[in-house]
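The residues making up each chain are set out below.
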Amino acid sequence: AQSVSQHNHHVILSEAASLELGCNYSYGGTVNLFWYVQYPGQHLQLLLKYFSGDPLVKGIKGFEAEFIKSKFSFNLRKPSVQWSDTAEYFCAVTSNTNAGKSTFGDGTTLTVKP
Amino acid sequence: KAGVTQTPRYLIKTRGQQVTLSCSPISGHRSVSWYQQTPGQGLQFLFEYFSETQRNKGNFPGRFSGRQFSNSRSEMNVSTLELGDSALYLCASSALQQETQYFGPGTRLLVL
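Residues numbered from 1 in each chain as written. Chains lettered and ligands numbered in written order. Predicted model: local features only at pLDDT ≥ 70, side-chain atom pairs only at ≥ 80, totals over all residues. Heavy atoms only, no water.

Visitor: Could you give me a rundown of the packing of aromatic side chains, with the residues and numbers involved?
Guide: Taken as a whole and assessed by the stated rule, the structure comprises 15 aromatic pairs over all chains. Residues B:Phe47 and B:Tyr49 carry aromatic rings whose centres are separated by 5.7 Å and whose planes lie at 70 degrees to one another, so their mutual orientation is edge-to-face. B:Tyr49 matches B:Phe47 in its accessibility class, with the two residues each being buried. Grouped by ring-pair contacts, the aromatic residues A:Phe34, A:Tyr36, A:Phe51, A:Phe90, A:Phe104, B:Tyr35, B:Phe45 and B:Phe103 constitute a single cluster. (Phe/Tyr/Trp six-rings, centres within 6.5 Å; stacked < 30°, edge-to-face > 60°. Buried < 20%, exposed > 50% of the residue type's maximum accessible area, 1.4 Å probe, protein only.)

Written out as structure tokens, the structure is:
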């Protein structure tokens, strides 16, 4: 069974600080990887995704993530956070053998202080 | 294109009742998945339908069921509601089974 682990439950940063949120997954086969963001009172939105190709993927709002296959990791990064990035971030994985089923991490709540 | 829509947005029920939630996917999307989101358990997969067939099922009791219609719209039913069923129920659709899922705003269910 696939599983996703997000290392940080709650991260607090000041504006302009750099962000890195850890995500590790457990699955032996081919996976697709996603980061979603849920702003307060809003629904889940896709930040970025990795299916294949360049392991460094860029998403919306200046976010990027790097897939490291040997480490089963897909960490999310942003060089300089803004107050508006305050939200909950979810890492998710799907596999080709369980299409349509996303397995989510527990989420990381990011609070950015102005 | 319009996004994924879910109705109703909010619902209050009492223990023992049953509830039906509805999801309309993005036009052209044939895969619809349902998730339960709670503070304690996070986001958990319920089931996925593709072309009116259930393709995947999560680890939920049989009280949770669903179906998909020929127009790809989906419904989820929970019978004999329990307090622990209080949650945000999210629906997601995708064009193909392995493509990106797009989420709706959810239905917030409160069981009293």
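Visitor: Residue-level account of the environment of B:Ala2, with values.
Guide: Along the polypeptide, B:Ala2 turns up in the segment before strand E1 (5–7). Once the C-alpha coordinates of B:Ala2 and B:Ile26 are considered, the two residues, 24 residues apart in sequence, prove to be 6.2 Å apart. (Helix = DSSP H or I, 4+ residues; strand = E, 2+ residues; numbered from the N terminus.)

Visitor: Can you break down the state of the cysteines residue by residue, with the values?
Guide: Within the structure shown, the criterion is met by two disulfides over all chains. A sulfur-sulfur distance of 1.9 Å marks the disulfide that ties A:Cys23 to A:Cys91. Taking the sign of the S-S torsion, -65 degrees for the link of A:Cys23 and A:Cys91, the bridge is left-handed. Of the two residues, A:Cys23 sits in strand E4 (residues 23–26) while A:Cys91 sits in strand E10 (residues 87–95), which places them 68 residues apart along the sequence. Through a disulfide, B:Cys23 is tied to B:Cys91; the S-S separation comes to 1.7 Å. Residues B:Cys23 and B:Cys91 are joined through a disulfide that is left-handed, its torsion about the S-S bond being -55 degrees. Remark: B:Cys91 occurs in strand E9 (residues 87–94) and B:Cys23 occurs in strand E3 (residues 19–24); sequence separation between them is 68 residues. The exposure classification of B:Cys23 matches that of B:Cys91, with both residues buried. (Disulfide = S-S within 2.5 Å.)

Note that all results are geometric; they support no functional claim without further evidence.
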